[in-house]
Amino acid sequence: MICAKLAAMSKISYQAQDEYGMVTVYDDGDCSILSFATNDEQSRCLKAAPHILQYDYTQAMLLVLLFCQPKRVLLLGLGGGSLATALHHAVKNIHITAVELRANVIEVAHRYFQLPRAKRLEVIQQNADDFLFNHQLRKVDVIFADLYDASGTAEVQLRADFIHRCADLLKEQGWLVLNCWQEQQDDPYLRSALREHFADLRYVLTGSKNWVILAGKIANYDANNVLREAALHWSEKLEFSLNKHLSRLRYLE
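Residues numbered from 1 in each chain as written. Predicted model: local features only at pLDDT ≥ 70, side-chain atom pairs only at ≥ 80, totals over all residues. Heavy atoms only, no water.

**Observations regarding the overall build of the protein chain**
Move 1: The helix and strand inventory of the protein chain stands at 8 helices and 14 strands.
Move 2: Over its C-alpha trace the protein chain gives a radius of gyration of 17 Å, about what one expects of a compact globule, namely 18 Å for 253 residues.
Move 3: In terms of principal-axis extent, the alpha carbons of the protein chain reach across some 50 × 40 × 35 Å.
Move 4: Pairs at least 24 residues apart make up 65% of the contacts formed inside the protein chain by residues separated by at least 6 positions.
Move 5: Distance from the positive charge centre (27 side chains) to the negative charge centre (30 side chains) of the protein chain: 6 Å. (Helix = DSSP H or I, 4+ residues; strand = E, 2+ residues; numbered from the N terminus. Rg over C-alpha atoms; globule rule 2.2 N^0.38 Å. Contact = heavy atoms within 4.5 Å. Lys, Arg positive; Asp, Glu negative; His and termini not counted. Charge placed at Lys NZ, Arg CZ, Asp CG, Glu CD.)

This is the structure in structure tokens:
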């Protein structure tokens, strides 16, 4: 989620109400924009190149590619599907499962945000918290948690039991990537839960005040020059620069 004023000239392409609120898609000519609340953006898709992420915080979330080579990932929260689209485009043979609560959001992700319909991309309509209670799930390399509503980050994403279940679903060398807000940096319960389950904790604070956390189950000791080389490699595939986000990456104390 990002707080950004929608362009005054944007037209409404789609609008529907469900039990959780309004889902609106705007079109500013170049981009499709998903909104759950007045004047706030949830997703933005460049129509000519939907695989190129438009927000700093979603770009920063893909710093995780510097630390692992994922074959199977789980996305909790779909939005416009920008992360799923970028991963599907850039990572060869990756299998993506995306869990989204709202049927309307899934509909607009396909219809207006060019979310691929592909064998390697599965979209499940379900509450993400409930989904994690399924003990038959196949373990994954990376979990991206980006759960939000009209008011901000969903509270479930900050709970210790949620972090615990995410950690259990990750492979031995897996990573959890959380998108939170700047003010949640001081949440002692979230920090404690992360320290309990993860050996490598890093974060990026973006210009939009998103606090992106990267949590690895096993510590990564790659030198800075190795990470910079990896960032160059992935920047070419993703078609945006990861290096500017790498320069902001810090250890979570």
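**Some details on empty space enclosed by the protein**
Move 1: Per the stated rule, a full pass over the model turns up 3 cavities of 30 Å³ or more.
Move 2: Volume-wise, the largest cavity comes out at about 110 Å³.
Move 3: Residue lining of the largest cavity: 16 residues in total, with Gly77, Leu78, Ser82, Leu83 and Asp146 positioned closest to the centre.
Move 4: Elements with a minimum of two residues in the lining of the largest cavity: helix H1 (56-61), strand S5 (72-76), helix H2 (82-90) and strand S8 (140-145).
Move 5: The residue inventory of the lining of the largest cavity, partitioned by class, reads 8 nonpolar, 7 polar and 1 charged. (1 Å grid on protein atoms, 1.4 Å probe; cavity = no way out; pocket = protein on both sides within 12 Å on 5 of 7 lines; lining within 4 Å. Points joined across faces, edges and corners; volume = space filled by probe spheres on them. Nonpolar A, V, L, I, M, F, W, Y, C, P; charged D, E, K, R; others polar.)

**Topic: the packing of aromatic side chains**
Two aromatic rings are characterised by how far apart their centres lie and by the angle between their planes.
Move 1: Under the counting rule described, the total for this entry stands at 5 aromatic pairs.
Move 2: Between Tyr55 and Tyr57, the ring centres sit 5.8 Å apart and the planes meet at 15°, which makes this aromatic pair stacked. Of the two residues, Tyr55 and Tyr57, both sit in the buried class.
Move 3: Taken together, a centroid distance of 6.4 Å and an interplanar angle of 65° make the contact between Tyr203 and Trp211 edge-to-face. Grouping residues by exposure puts Tyr203 and Trp211 together as buried.
Move 4: Between Arg102 and the ring centre of Phe36, over which it is positioned, the NZ or CZ distance is 4.7 Å.
Move 5: A cation sits over an aromatic face here: Arg165 above Phe133, 4.0 Å from the ring centre. (Phe/Tyr/Trp six-rings, centres within 6.5 Å; stacked < 30°, edge-to-face > 60°. Buried < 20%, exposed > 50% of the residue type's maximum accessible area, 1.4 Å probe, protein only. Lys NZ or Arg CZ within 6 Å of the ring centre and 35° of its normal.)

**Focus: helix H6 (residues 188-197)**
Move 1: Within H6, the full set of buried residues consists of Leu190, Arg191, Ala193, Leu194 and His197. Here the buried residues of H6 occupy an arc of 165° about the axis, which is enough to place them on one side. More than 90 degrees from the buried face of H6, the exposed residues found are Pro188, Tyr189 and Glu196.
Move 2: Packing partners of the buried residues in H6 comprise helix H5 (160-169), strand S11 (170-181), strand S12 (200-205) and strand S13 (210-216).
Move 3: Sitting at the head of H6, Asp187 places a side-chain oxygen 3.0 Å from the backbone nitrogen of Tyr189. (Arc of directions from axis to C-beta. Polar contact = N/O pair within 3.5 Å; in protein donor to acceptor, adjacent residues only side chain to side chain.)

**A word on the layout of surface pockets**
Move 1: Here the largest pocket defines a volume of roughly 370 Å³.
Move 2: If you trace the largest pocket, you find 19 residues lining it, with Glu100, Leu101, Leu147, Tyr148 and Ala154 closest to the centre.
Move 3: Among the elements of the structure, strand S6 (95-100), helix H4 (128-131) and strand S9 (148-149) are those that each provide at least two residues to the lining of the largest pocket.

**A word on helix H3 (residues 103-112)**
Move 1: Of all 10 residues in H3, 7 are buried, a share of seventy percent or more.
Move 2: Those residues of H3 not exposed but buried are Asn104, Val105, Ile106, Val108, Ala109, His110 and Tyr112.
Move 3: Buried residues belonging to H3 abut strand S1 (11-18), strand S2 (21-27), strand S3 (31-35), S6 and strand S7 (121-125).
Move 4: Gln114 sits one or two positions beyond H3 and adopts a positive phi of about 60°.

**Focus on the packing of H5 against H6**
Move 1: One can describe the packing of H5 onto H6 by two numbers: an axis separation of 9 Å at closest approach and a directional angle of 25°. Taken together, H5 and H6 sit at an angle that is classed as roughly parallel. Read as a crossing pair, H5 and H6 show a hand that is right-handed. In this structure, H5 contributes Ala160, Ile163, His164 and Ala167 to the contact, and H6 contributes Leu190, Ala193, Leu194 and His197.
Move 2: Residue classes in the contact of H5 with H6 are distributed as 6 nonpolar, 2 polar and no charged. (Axes fitted to C-alpha atoms, helices over the stretch in contact; angles between N-to-C directions. Parallel < 35°, antiparallel > 145°, perpendicular 65-115°, else oblique. Left-handed = near helix turned anticlockwise from the far one by under 90°.)

**Focus on the packing of H2 against helix H7 (residues 224-238)**
Each packed pair of helices is defined by two parameters, the angle between the axes and the distance between the axes.
Move 1: Their axes nearest at 9 Å, the elements H2 and H7 cross at an angle of 105°. The angle between the axes of H2 and H7 places the two elements in the roughly perpendicular class. Judged by residue contacts, Ala86, His89 and Ala90 of H2 engage Trp234, Lys237 and Leu238 from H7.

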